[in-house]
Structures are given as structure tokens and as C-alpha cells.
Amino acid sequence: MPEKIVNLKQLSECLGLSQTTVSRALNGFPEVSEKTRQRVLAAAAEFNYRPSPSATSLATGRTRVIGHVVPLSFHRMINPHFSDFMGGASEAYARAGYDMLIRVVREEEEESVYRDFARRSRVDGVVVHGPLVDEPRIPLLKSIGLPFVVHGRGGGEALDYSWLDVNSRGAFLRATEFLADLGHRRIALVNGLETMNFAHRRRQGYETGLAARGIDLDPALITSEDMVEPYGYRATLQFLALPQPPTAILFSSVLPAMGAVRALSEMGLRPGSDVSLLTFDDRLSFLQSGAASQSADIPFLTAMRSSIWQAGQRVAEMLIHQIESKSEDAVQELWEAELVVGRSTTPCKELSRSLAKEVS
């Protein structure tokens, strides 16, 4: 077995070429002939040569690292949605030979971290998570010249940057109209934080859907918090205590929908039979397809479904292409959610006033 060559100098001496030529051949520079390139690649494979990350960075001007900056805010971005997105992204990074760097920072430090990334060439690009309605990171990243792709979209109409988003407005318009067409007139919304642009758009879809079916908007049937299971539990109990409780509830995530199932169970009620539940489903990997058991063919929860794992893969692919092609053209993808009808929605059955008194 040939002796392993552990550095560029030894490989160059073996080939009788300069270190510069070998480095350029390994990194795909066009001025190296194809014949020389193939000779260098064959020798590198024979001797199991692996360039050091620092050497590769010097030769190509790239670190092969993607940055993810996560602010420590009250709604905590590190949650099952973030974890599944990162799982999908990591698959794309691994295929392309990239690593990821996750920085968790206080919100007031976020801008300085991005500037440090650009100034010290710490990463080749970044993914922007959880864009706000009024999103300050997009103009910042454009001004410092750091490649980026947004998972979601910022507010406003000047969308001259790369992003991938789900059509939240369209999904919740369709979901609201679906419930209204089942005869529901009291439809509640358990939304995410409405400073986040996805939640803002989902509320717009919900309100448009109500208006399209001639249903008056009732502020008592709308709530907005961080999307966790206890939130759905509390919100459902609060809705059921109203003098006129909702007959259907629309959720921005399967996590609060799970809390609603728990609340209904404690009240001796059944999803679908007593209160219809419809949720947005990111197809989180740790859940099969809902908050409870399902039959072989029909899922438990009716859902607007779109995989956040697949979104992570695609955002990573978009950013890698932007970095490697050095393209400044914006790539924008708007995904449509799929309506999957399960057993948690049925035609409207009015809850009795006695139930409202019982839970008040």
C-alpha cells in the first residue's frame, strides 16, 4: 500500500508539479489543463490526500461553511420546526461538502455577528430564519455583501433577494373556506406570533376566507402566541368558555393542535365529532402525521401540509448554488400547501350553551 501523503508539498513533489498548480487543479481553476487536472486528481485519490480546510479556503476564497444566526428571543427559534429545517439543510450540506456554523446570540448582538462573518470571511453565506413583518436583516446583509437565502419572506414588496416560502395566506384562505363550507360560522384562529411574517400572512388568509363566506370577524376568536402544545391547550379551554364557543378551530402548527386535543379530551369532547380542528402541518419528523393515532388510510388531523425538512434541503441547495455560481440573480420559490382531509373535521354541530357554562 502506498504511503499516505499528508500535505500539499509531498503530493506536489510526487507529481513533479508546483504546489500552486496542484492546488489549482484540485480546486477546479480553469487555467489548469484537463489532462493535468485528471493526473492530479488520480494521484490525490491514490495517496488518500485530503486538503486541509484552511488550505482550501486560501486557494478558493471560500470556507465551505454556512452560517445560521439564532437570536435568543422570547419565542425561542430553537424548536422542533427549527430542528427539522436544520436536518433537511444538513443533508444538502453533506452532499456538497459544506459544514454549518450555528451562533446563538442575544438579539442586540445579531447585527455585529453578521458583520463579523463578512469582515473575517467566517462563512460563505447565511440562512435567515423567522423573518419579521418589518425585517431589518435583509437590507443589512445586502449592504455588507454576504450571500443569503431567507426561509420565508420579509414584509413589503421589494423582494429583490432569494427566498423560499410557503403560501401561508393562500393556505389559510383555503382552510377557512373549507371549514365554512362545512357549515361552520364560529371559526377560531390559534396563530403564531404575528410579528412574524408567516403568522401575519396566515391571519390575512383567515380574515379573507371569512369575508369570502360572509362571516363577521370576531376578535374573541383570535389568539397569537408562541406555537407550543400548552398554548393550544389554554386557547382551546378559553374558546370553549365563551358564551358562543367556536365549532371549529384553525391552528398555525400541529404543536398547539396537540394541546387542543388534550383540552377536548379533558372536557369529554372529541375532535371532529364535537369541535372540528384543522392545522398547518410541517410534517415534523418526530410525529407520524398528527397528534393522535390514525387509520391506515385517513389521517387523524385535517391539515394544510408542507414539509419543513424538504424546505431546509431546498434553501441549502439555493444558497450553495448562489455561492458557487457567484450569481446575483434572486431565486424565489413559493410553495403551495396541500389540503389533506382527516377525521378531525366534520359538518358543523353547534355546541350547546350548557357546555359553555360547564367550562366557565
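Residues numbered from 1 in each chain as written. Predicted model: local features only at pLDDT ≥ 70, side-chain atom pairs only at ≥ 80, totals over all residues. Heavy atoms only, no water.

With that out of the way, let us pick up empty space enclosed by the protein. Under the defined criterion, the tally for this structure stands at two cavities of 30 Å³ or more. Taken as a whole, the largest cavity holds about 580 Å³ of empty space. In terms of lining residues, the largest cavity is bounded by 31 residues, among which H81, H151, F198, M227 and I308 are the most central. Contributing elements (two or more residues each) for the lining of the largest cavity: α5 (80–96), β5 (163–166), α9 (197–212) and α12 (308–325). When the residues that make up the lining of the largest cavity are grouped by side-chain class, the tally is twelve nonpolar, 13 polar and six charged. (1 Å grid on protein atoms, 1.4 Å probe; cavity = no way out; pocket = protein on both sides within 12 Å on 5 of 7 lines; lining within 4 Å. Points joined across faces, edges and corners; volume = space filled by probe spheres on them. Helix = DSSP H or I, 4+ residues; strand = E, 2+ residues; numbered from the N terminus. Nonpolar A, V, L, I, M, F, W, Y, C, P; charged D, E, K, R; others polar.)

Once that is clear, we can look at the packing of aromatic side chains. The description of an aromatic ring pair rests on the distance of the ring centres and on the angle between the ring planes. In total, this model carries two aromatic pairs according to the counting rule given. An angle of 20 degrees between the planes, with centres 6.5 Å apart, marks the rings of F172 and F280 as stacked. In this pair, F172 is assigned in helix α8 (residues 168–181) and F280 in strand β9 (residues 276–281), connecting sequence segments 108 residues apart. Per residue, the accessibility class of F172 equals that of F280, and both read buried. Between R262 and the ring centre of Y233, over which it is positioned, the NZ or CZ distance is 3.8 Å. (Phe/Tyr/Trp six-rings, centres within 6.5 Å; stacked < 30°, edge-to-face > 60°. Buried < 20%, exposed > 50% of the residue type's maximum accessible area, 1.4 Å probe, protein only. Lys NZ or Arg CZ within 6 Å of the ring centre and 35° of its normal.)

Turning next to the environment of Y49. Its location among the elements puts Y49 in the loop between α3 (34–46) and α4 (53–60). With relative accessibility at 5%, the residue Y49 sits in the buried group. Sequence separation between Y49 and L8 is 41 residues, and the spatial gap between their C-alpha atoms is 8.2 Å.

The full count for this structure, using the stated rule, is 23 salt bridges. A salt bridge links E194 to R203, with the nearest nitrogen and oxygen atoms 3.2 Å apart. The class for E194 is partly exposed, based on a relative accessible area of 23%. Note that E207 and R203 form a salt bridge whose closest N and O atoms lie 2.8 Å from each other. In this pair, E207 and R203 both sit in helix α9, four residues apart, roughly one turn of the helix. Note on R203: relative accessible area 24%, which makes it partly exposed. The network of salt bridges with shared partners includes R95, R314, E317 and E333. (Salt bridge = Lys/Arg side-chain N within 4 Å of Asp/Glu carboxyl O.)

Chain-level pLDDT for the protein is 87 on average; 85% of the residues reach the 70-or-more range. Here residues 289–295 is modelled with pLDDT under 50, and outside its nearest four sequence neighbours on either side it reaches 16 contacts, counting other chains as well. Confidence drops under a pLDDT of 50 for residues 352–357, and excluding neighbours within four residues, the segment shows eight contacts in the predicted structure. (pLDDT = per-residue confidence, 0-100. Contact = heavy atoms within 4.5 Å.)

Moving on to a nonpolar patch on the surface. Residues L72, M100, I102 and V104 make up a contiguous nonpolar surface patch of about 320 Å² in total accessible area. Turning to its location among the elements, M100 is positioned in strand β2 (residues 99–105). (Patch = residues over 30% accessible without salt bridge, like charges linked within 9 Å, V, L, I, M, F, W, Y side chains within 5 Å. Areas by Shrake-Rupley, 256 points an atom, 1.4 Å probe, with all protein chains shown as cover.)

We now examine the sheet that holds strand β1 (residues 65–71). Strand pairs in the sheet, formed through backbone hydrogen bonds, run parallel or antiparallel to each other. If you trace the six strands from one edge of the open sheet to the other, you get β2-β1-β3-β4-β5-β11, paired in parallel fashion. Because the sheet does not close on itself, it has two edges, and the strands there are β2 and β11 (332–335). On average, adjacent strands in this sheet sit at an angle of 20 degrees to one another, irrespective of strand direction. Across seven bridges, β1 lies against β2 in parallel orientation. Within the sheet, the bridge partner assigned to V70 lies in β2 and is V104. Contacts from α12 reach β1, β3 (125–128), β4 (148–151), β5 and β11, with the element oriented near 165 degrees to β4. (Pairing = 2+ DSSP bridges. Axes fitted to C-alpha atoms, helices over the stretch in contact; angles between N-to-C directions.)

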